[in-house]
Structures are given as C-alpha cells and as structure tokens.
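# Architecture and fold: a report
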Amino acid sequence: MNRTKSKAFFTSNTMILVYVILAFSVVVALRQPAFLSPATPINLCRAGLFTFCFALCEMLVMITGGIDVSFPAIGCVSMYVPMVLYDRGILPDNGLYFVLVALLCGLIFGLLNGVLVSYLRIPSLIATLATSSIASGFLAFAFGVKDLTAMPTAFTKIYEMNLVTYTDPASGLSYPLTVLIFVPVVLAVVMALILRYTMGGRGLYAMGGNLSAARIVGFPVRRLQFTTYIVSGLITSLTAVMYVILMHNASTTALMGNEMLVIAACVVGGCSLSGGKGTIGGVLLGTLLITLVQNHLNMLGIDTRWQTLAVGIVLLFGVLMTSLQAGRGKGRV
Amino acid sequence: MGEVFVELKGIKKAYEGVYALKGIDLALRKGEIHCLAGGNGCGKSTLIKTISGVHEPTAGEIYIDGQQMNHMKPLDAIEKGIQVIYQDFAVFPNLTVAENIALNTEIKDRTKVVSYKRMRELAGKAMAQIGADLNPDARLEDLSVAGKQMVALCRAIINNPKLLILDEPTTALTAKEVQKLWGVLRNLREQNIAILLVDHKFDEIRPLVDRLTILRNGEFVSSGLISEYGHVRFQKDMTGHDFSTEKYRPEPSDEPILSVEHISSKGNYEDISFALSKGDVLGITGLLGSGRNEIAEALFGLCPAESGKIVLHGKEVKLKSIKDAVKHEIGFVPEDRLTEGLFTALPITDNTVASSLKKYVRAFGLKSFEMGENTKTWMKRLGVVAVSKDVPVSSLSGGNAQKVVLGKWLNTNPKLLVLVGPSVGMDVGAKAEIHAILRDLAQTGVGVVMVTDDLSELVENCNRILIVKDHKIIKSSDNSLSKKEIEALLMGSDQKEEEA
Ligand SMILES: Nc1ncnc2c1ncn2[C@@H]1O[C@H](COP(=O)(O)OP(=O)(O)OP(=O)(O)O)[C@@H](O)[C@H]1O
Ligand SMILES: [Mg+2]
C-alpha cells in the first residue's frame, strides 16, 4: 500500500514537472556556470512575477471549466486609464487613487466577463475574446498608442524598495529583489486557503468536475462563476499596477500576447482544460518552467527567436502529460 | 403496507410541445420498494425529474407527506427527504470519495469552512451504514462504476432520506454487484425508507421489489404487486405485444466466414480458436476480467493477437490496429457506448453516418438527403424514440442514445460485426428488435460476434457459445447448454476470485 502510494507520488505529474525543471537547470548550469549565481533566482522572480499573478487568475477560471483570454487586455486598460488620468492631472499624486481607478477598470471588465459567461451562458473562450476586443478596442479608440511614463511619486518609492540586492562582484551589476514579490506570495497563500478550505472554493472544483451535479448538490453555480470572473479581473488590474511600478511605463498593448504563455504555465502546472483541476503549487512550478525556458534558452546557445516555439513545445508537453496520465488511469489507452 | 409518502396525480409533462408524460398516477409508500418499468423513452427519467423538482410538470398534482407541492425546486424536494441517484450518478470525478459524499450535507448545513476530518467521518458513517468499503481519499475518477454508485448511494443516505430514487442503477453493474446493491436496498427498506427504482429487467427485479408500475409512451399501463406479474404479462405490458423467445437455430452451412486459430496475447487471452460459418451468431461470455472483452477487441485490432492467425472470408488478415479492422470492413460496438460512441451535441443523423461518411461523398459536399433517409430507416428499425432525426443526441433518453450507436455501425454494412453488450440498457422491445436484426445480418452472411453477460440473450440468440475463464476458452458449444449449466461453469472457481 505504502509502496504504491510513494510510487504514485514519484510518478505524479507534479514530480515529473520538478524533474523537467531540474534537468533543464542542470543542462543550463553545465553550459553556463553563471546560472548558479544568486542573480538567477532574483531575475526569475522578477520575470515570473507577472506571469504567476496572471496564471493565478487563469487557474481560477480553468478550475471552473472555463478559459480566459481577456486578462492581457483588461490589464492594459487597468494600467493605461489611470495613467492617462494622472498624466492629464485629473488624478492627484496619490498612489491609492491610481490603484482604485485600476481596480475599478478590472471590476468593470470582470463584471462584463461574468455576465457574458454565467448569465448569458456564452462559452468562456468566446465571451473573454469579446471582452478582450472591447477592452483593447476602447483603448485604441480613446487614447491611441502613446507610451506614458509619468506616475505617482509613491510608485517610484515602492520601486526603490527592495528586499535584498545582490551585486555581482565580477561585473558590478546589481540585482534588486522588489518588495512587491510579497503581493503574489500573499495572493497565492490566500487563494490556496480559500480553494481548499471554503465551500466556495470547493464549489469551483465541483462545478469544473461536473456542472450539472454541482447544481443538483446545491452549489450556487452561477454566483460562483460570476465571482470568479470578478476576482480574476481585480487580480489582473492589481498585477497591471505592479507592472507600471516595476517597468516604469504603460502602453496600450504592453501585456498583449501574454495569454498563450500564461495558459501554458497553467496547463503544464496541471490545470485541466476540461475543468476541475489545478493547484497553486502546480501553477507555481508551471510558471517556473515557462519562465526558465523564456529567459535561459539563450544560455543554451539557442536563438531567442525560438522562444515562442519553445513555449509551444512546453505547452504541448503539458497537455500530453495530462492526457497520458488519464490514459494510464483507464488501464489502456 | 406502509403509509403513502409521495403521491402523483395526473402528471403531464411536455418538452417543446411534445408530451413525454400524459397523465401519470403513482403512489410511493414507506418501507416499500417500487419499480418503474417501461420501454426506452417512455418517460421514466422524466417522471423522476418531476418528483425531484428538476422539471416542473406541465399539469398534475404532487403531494409529499400529504402536502401539495407547487413550483417545487430540487432543494425543496431534498428538504422533504427525497434523494435521487441519477443514471450518470452526478458525482464529481475530480474530488475524493469523502468530498463527494459529504459536500451535499455541508451545503445544507451552510458550512463556510470545510473540515476534511468531519467530511471523512461523515463518509465513514455513511459507508458503514450500507456496508461499502472505499478509501475516503480516493478520487472518483479512479473508481469502478459500482464504486461510483456506492458513493452516490452514500451521499443520498447521509441525508436521512425518506424516499430514495434510483434511475437504472444496474445498467453498468455485473450480476454480483447487482446482488450487493439489492442487499443494500433491502436493508434500507427495513429502515422504513420508500424506494423507487427504474429497471426493466424482470428477472433482476423479481426477488427485490414489492410493487411494479409500467409505463408505455408516456402513458400509465398497469400497476400492482410484483406477485401479480409473470414474464409474459411483464413483456406484454411493456411493449403492447407478446414476444416469442424462440432460440436462434440457423440452417447449418459450411460457407466459412471467420476462422480464428490459436491466437494469444500475453495477459489477455491464450490459445483461442473458433470458427464462424454463414448464419452463425457467436456469443462469448465470461466473468469480468476473464479476457472475454479482449478476445472481441482482438477482432477489431484493439488488443491485437501476438501469435496465431485470423482468416476472414478465406484470406488471412492481420489486425494490428483499428485501421486494419476498418479496412477489412469489421464493425465494433464498444461496451461504453455513451462516452466512446457518440457526439452528443450533434443531431442523430450526423451520429448515424459518422462511421460511414465515405458512402455519402460526392464531388462537392455530401449527399445529405440520403444521409437523412438512411438515418430515418435505422431509427425506424431500431425503434429510436425522438422528435426527429435532427435533434441532438443529448436530448434522447439513455436507451435511445444507445440505439443510435448501434445504427451507426450497422450503417457501415460490415462483413463482421463485433458487439460488446449489444443490448445493455435497452428495454425488451428494443432488445428483441436488435436480436432480430443481428439474426438477419447473420443470415445474409455477416459474421456476428457478441460478448454478453446476459445469459438469456446468450442462449436465445447465439447458436455457438464460448465460455472464457482465466483468459482461456473452457467450453465451446453449439448451444446445447442451458443458462443453469453456463452459470455453473462460470462460477466454478468464482469463490477463489472473490477472496483474492
Ligand atoms: N430535455 C429534453 N428535451 C426534449 N425532449 C426530451 C428531453 N428529455 C427527454 N426528452 C424526451 O422525452 C421522452 C422521455 O424521455 P425519458 O428520458 O424520460 O425516457 P426514459 O423512460 O428514461 O428512457 P430510457 O429507458 O431510455 O432511459 C423521450 O422521447 C425523450 O426524447
Ligand atoms: Mg432514463
């Protein structure tokens, strides 16, 4: 009994993912010893921060059995609208107002997603595609394409707040780790607790596993779904604010094209496209793998132009892994 | 007899103007097992859904504990103590046994914070009550059908139901699992619970139920104590006409169709040989895991033989993959038809022609008129009850959906047709129809091989029988065997298996 249990553990998808990450790291480290420097984890944190936050939103939606492709556009609206308002002097030099406006944008578009999916019963892919078009269309129509860089002084201060800074003795370059890293950490912990220990959280898994059964058992299915999209919109806008702070820049298309990457991180991390599956730990590992591939492929001497292809391969690997596992469960494929 | 718990008077229900129920009366008593029987699509599931508040009846009255119910919702029914185990069990494949059992109660208790310890305790208590022994932390997707059903039962029991409804609980169970389920239900009857059961296998329900109600095409036909019914009346009331259960005895022929010589596949089957001539219907039976399904799958390239040879119409054929099998015009009706054989969102027509599209290809597009005509013919021959050929399969009743899968394969005009459980879930009328079709096919030179658990089906329709045990043929007969003899052969070393 115990033996089979531990065997199941070592061959679980999560562990396979860990092996792949380790293998990749070892290969990179062998070719480029610099990989082992403390700068690497700091870089990974910085690069993976946004992907991870978006992946958390995506995971929520995927657990309920949907898919969300609107977060890049919602994120862009949530960063650009307050940026413009600040630029034109409508918003005072106060970070809080900025955040509130951003959250409001996230709320509005999250609401739109929620209404389309849970009340009008439009398939989530179509609904979020529509929301995405509306959001980016609105940006292009109202503001054009100018990049903005002026932001509240509070943001500049946050930008300068670092947890640790590592200075490379050889090159003299410094690698700061922002305090904003706490945001995804807190988010992840809170979400993990909600998903595992509240009825609402279990309801998300239940409806992803069997929607009609969830209804029969008495879960408020529509309300749960609706809430999911709103929460997802809010987290997206929060992430967009962090982007502004860390990148010192906002544009109407800054986040566009991220959806593939984020969906890949989720799927590789064990979220099922048919719903009902997904854990924070898995998504964290998935994000780590994707970020590693994205940032360190060049260290293997592979041209950066291959990045998209590489992400595609990783995504395929993730999907294959789940379907193989499902086949194994059935005994025969 | 116990007091009446639920009473229905003149229940009518229309789907888009078509009546699925045309005025049904029904009384369910405490401490009584009541069986609802009737042909596929006669409205049994629909009736259940009106009792459980899923569908509101178009007309009629529902009384629970003497109180009239209006605009009943599923939660109202649950609060009144009505628990339903649906045909598909409505369980969560991605959650654990404990969660599946306890979530419902947690919602009812308006729990906000989940305690896994409490859920495990609740689940343990429910499992003890019905004598189920499952790992509370196992995921449902890893359980057998019987296991999933036990979970569904536990979930119902935990709510202290006064009425327990089971919609076709035995379709996917083996004979042994059915006996276990009956034991559980008898035990619940002792606890003064009313039980309503949908099942149309008379032999199966006779030892269990107290009362029987039969529907046909949405109408009430008869109702009474089970002792008032025999095989003949049961079949007559179900279908409206008598059936002869004449055994199939084709003219002997020496025109060979299929010959299988010493095929083996390690761990699946060993040294299997049999031959099939024109007119023969070959039946394979055996216990679960005996290798009976694998032998059938060998003929469709799903579980290819590693040695030995297969000769079809005088030519040796290699069946290493489904592609090979299709090339040699072999049709295969799988056991799990609902998930393996259908595109449920698509209309009946598309499903019927799905495996024979080649027939309908012309220079530009498809011959849609012929597709429709052929579909209509099969619907008529198989007795598919549906509004039209253009409705999605998802709107069909369970039994009718299965008929569509069969039609799909019959429409390919196969040279050899392999069926696993050809009539699982079908009512007597449809069964008889399918058996007649299979006999016809055999007479016209199509090889018919079926794997079945249903011994009546086996002895009545197969003129050649193979009994498989531990991956070998233990008996090959030209059907001089009776059901009893076959049972004895199957059970021979059964005791041992049970302990293992
Ligand atoms: N949601 C629906 N929309 C339209 N028609 C429906 C719907 N559900 C059932 N029907 C029709 O109502 C009739 C009765 O169906 P029901 O499922 O009650 O049959 P059943 O007696 O349970 O049959 P089976 O033994 O095959 O399960 C069928 O003709 C079916 O096509
Ligand atoms: Mg039914």
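The following refers to the structure shown. (Residues numbered from 1 in each chain as written. Chains lettered and ligands numbered in written order. Predicted model: local features only at pLDDT ≥ 70, side-chain atom pairs only at ≥ 80, totals over all residues. Heavy atoms only, no water.)

Residue and element names in this part refer to chain B. Going residue by residue along strand β16 (residues 330-333), you find I330 and F332 tucked away on one face and G331 and V333 tucked away on the opposite face as well. The sheet contact formed by β16 and strand β17 (residues 416-420) spans four bridges and is parallel. Bridge pairing in β17 links G331 to L417. (Buried < 20%, exposed > 50% of the residue type's maximum accessible area, 1.4 Å probe, protein only. Helix = DSSP H or I, 4+ residues; strand = E, 2+ residues; numbered from the N terminus. Pairing = 2+ DSSP bridges.)

We now examine the packing of aromatic side chains. Applying the stated criterion across every chain yields a total of eleven aromatic pairs over all chains. Taking the centre distance of 5.2 Å and the plane angle of 55° together, the rings of F50 of chain A and Y243 of chain A count as tilted. Of this pair, F50 of chain A sits in helix α3 (residues 39-63) while Y243 of chain A is found in helix α11 (residues 221-247), placing the two residues 193 residues apart along the sequence. The same class applies to F50 of chain A and to Y243 of chain A, which are both buried. With a centroid separation of 6.0 Å and 80° between ring planes, the pair formed by F138 of chain A and F143 of chain A is classed as edge-to-face. A network of ring pairs unites the aromatic residues Y80, F138 and F143 of chain A as a single cluster. Residue placement shows R196 of chain A over the ring face of Y197 of chain A; its charged tip is 5.8 Å from the ring centre. A cation over an aromatic ring shows up here: R196 of chain A above the ring of Y116 of chain B, its NZ or CZ 3.7 Å from the ring centre. (Phe/Tyr/Trp six-rings, centres within 6.5 Å; stacked < 30°, edge-to-face > 60°. Lys NZ or Arg CZ within 6 Å of the ring centre and 35° of its normal.)

All names here are of chain B. Ordered in space as β12-β11-β14-β15, the four strands form an open sheet in which the pairing is antiparallel. The sheet is open, and its two edges are formed by β12 (269-277) and β15 (315-317), each paired on a single side. Between one strand and the next, the sheet's axes are offset by a mean angle of 20°, whatever the strand orientation. In this structure, strand β11 (residues 256-265) lies alongside strand β14 (residues 307-312), joined through five bridges in antiparallel fashion. When the bridges of β14 are listed, S264 appears paired with S307. (Axes fitted to C-alpha atoms, helices over the stretch in contact; angles between N-to-C directions.)

This part covers the side chain of T375 of chain B. Residue placement: T375 of chain B occurs in helix α13 (residues 368-382). Each residue touching T375 of chain B, except ones within four places of it in the same chain, is listed here: I348, T349, T352, V353 and K389 of chain B. (Contact = heavy atoms within 4.5 Å.)

As a further point, take the sheet that holds strand β1 (residues 4-15) of chain B. All names here are of chain B. Strand order in the open sheet made by the four strands is β2-β1-β4-β5, with antiparallel pairing throughout. The sheet terminates laterally at β2 (18-29) and β5 (67-69), the two strands that pair on one side only. Across this sheet, the average inter-strand angle for adjacent strands is 25°, counted without regard to direction. Strand direction decides the pairing type here: β1 and β2, joined by nine bridges, are antiparallel. The partner of K13 across the bridge, within β2, is L21.

Turning our eyes to something else, we now look at the environment of G208 of chain A. For G208 of chain A, the location among the structural elements is in helix α9 (residues 199-209). Expressed as a C-alpha distance, the spacing of G208 of chain A and V267 of chain A, which sit 59 residues apart in the sequence, is 15 Å.

Okay, the interface of chain A and chain B next. Contacts between the two partners involve 19 residues from chain A, matched on the other side by 23 residues from chain B. With both chains or domains summed, chain A and chain B bury close to 1,900 Å², and 60% of this area falls on carbon and sulfur atoms. Contact with chain B buries surface across chain A, with M199, I216 and V217 of chain A losing the most and accounting together for 32% of the total. At the junction of chain A and chain B, the tally comes to two salt bridges. The shortest N-O distance in the salt bridge between E99 of chain B and R202 of chain A comes to 2.5 Å. Applying the counting criterion to the chain A and chain B interface returns nine residue pairs in polar contact (both at pLDDT 80 or more). When residues of the side of chain A that touches chain B are traced back to their parent elements, those giving at least two are α8 (182-197), α9 and α10 (211-217) of chain A. In terms of residue count, the dominant contributor to the side of chain A that touches chain B is α9 of chain A (five residues). Its residues assigned to classes, the side of chain A that touches chain B shows nine nonpolar, five polar and five charged. (Buried area = accessible area lost by both parts, 1.4 Å probe. Salt bridge = Lys/Arg side-chain N within 4 Å of Asp/Glu carboxyl O. Polar contact = N/O pair within 3.5 Å; in protein donor to acceptor, adjacent residues only side chain to side chain. Nonpolar A, V, L, I, M, F, W, Y, C, P; charged D, E, K, R; others polar.)

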